[in-house]
Amino acid sequence: MSAKDIFHESVKNALQKEEWLITDDPLKFKFGEVNFRIDLGAEKVIAAEKAGEKIAVEIKSFLNPSAITDFYNALGQFLSYRLALHNNQPERVLYLAVPLDVYKTFFQL
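What you see is a predicted model; the values in this text were computed from it and never measured.

Reading the values: the criteria
- Residues numbered from 1 in each chain as written.
- Predicted model: local features only at pLDDT ≥ 70, side-chain atom pairs only at ≥ 80, totals over all residues.
- Heavy atoms only, no water.
- Helix = DSSP H or I, 4+ residues; strand = E, 2+ residues; numbered from the N terminus.
- Rg over C-alpha atoms; globule rule 2.2 N^0.38 Å.
- Buried < 20%, exposed > 50% of the residue type's maximum accessible area, 1.4 Å probe, protein only.
- Contact = heavy atoms within 4.5 Å.
- Patch = residues over 30% accessible without salt bridge, like charges linked within 9 Å, V, L, I, M, F, W, Y side chains within 5 Å.
- Areas by Shrake-Rupley, 256 points an atom, 1.4 Å probe, with all protein chains shown as cover.
- Salt bridge = Lys/Arg side-chain N within 4 Å of Asp/Glu carboxyl O.
- Pairing = 2+ DSSP bridges.
- Axes fitted to C-alpha atoms, helices over the stretch in contact; angles between N-to-C directions.
- Phe/Tyr/Trp six-rings, centres within 6.5 Å; stacked < 30°, edge-to-face > 60°.

Draft legend 1. Quick look at the overall build of the chain. Helices and strands together make up the secondary structure of the chain, namely three helices and six strands. Moving toward the C terminus, one meets the helices and strands of the chain in the order α-β-β-β-β-β-α-β-α. Relative to its length of 109 residues, the chain is compact, with a C-alpha radius of gyration of 14 Å against a globular reference of 13 Å. Taken over the C-alpha atoms alone, the chain extends approximately 50 × 35 × 30 Å along its principal axes. Across the 109 residues of the chain, 34% fall into the buried class. Once local pairs closer than 6 in sequence are excluded, the contacts in the chain between residues at least 24 apart make up 51%.

Draft legend 2. Summary view of a nonpolar patch on the surface. The grouping of Ile 68, Tyr 72, Leu 75 and Leu 79 at the surface amounts to a nonpolar patch, some 360 Å² of accessible area in total. For Tyr 72, a relative accessible area of 53% gives the class exposed.

Draft legend 3. Examining the sheet that holds strand β4 (residues 40-44) more closely. Read across the open sheet, the four strands follow the order β1-β4-β5-β6; overall the sheet is mixed. Taken across any chain shown, the strands that pair with only one partner, and hence form the sheet edges, are β1 (21-24) and β6 (92-97). Each strand of the sheet is rotated relative to its neighbour by a mean of 35°, with strand direction disregarded. For β4 and strand β5 (residues 53-59), the ladder comprises five bridges, and the chain directions are antiparallel. Across the sheet, the residue bridging to Lys 44 is Glu 53, located in β5.

Draft legend 4. Here's a closer look at the environment of Thr 69. With respect to the element layout, Thr 69 can be found in helix α2 (residues 67-88). What makes Thr 69 partly exposed here is its relative accessible area of 33%. Separated by 40 residues in the primary sequence, Thr 69 and Leu 109 place their C-alpha atoms 15 Å from one another.

Draft legend 5. Spotlight on the packing of aromatic side chains. Under the definition given, this model contains eight aromatic pairs. Their ring planes at 70° and their centres at 5.7 Å tell us that Phe 62 and Phe 107 sit as a pair that is edge-to-face. Placement of Phe 62 in the loop between β5 and α2 and of Phe 107 in helix α3 (residues 100-107) is noted, with a sequence separation of 45 residues between them. Note on Phe 107: relative accessible area 30%, which makes it partly exposed. Each residue in the set Phe 62, Phe 71, Tyr 72, Phe 106 and Phe 107 is aromatic and connected to the rest through ring pairs, giving one cluster.

Put into structure tokens, the structure is as follows:
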């Protein structure tokens, strides 16, 4: 079992404050012969008679001294998860959660 990211609980709490229901922690599924584990699965019920919005969230803390190394690792994982998720649970949208300072300094480049 892989270790939870250092910001796992913070992201989970933030989603819950925005009224997301955490349905999977982690979201597990199989694609071909590969077992996937995305950090969180969540859904937001819009109305009783409508289907809710479903998401999956992969959490990355970017603690490596090289942000570019962390970026390429996160990107590779994100792309493979997105392909597998699209084929297994196409109703879910995949998101990558990163710390705000990393988003502002690295992702805004």
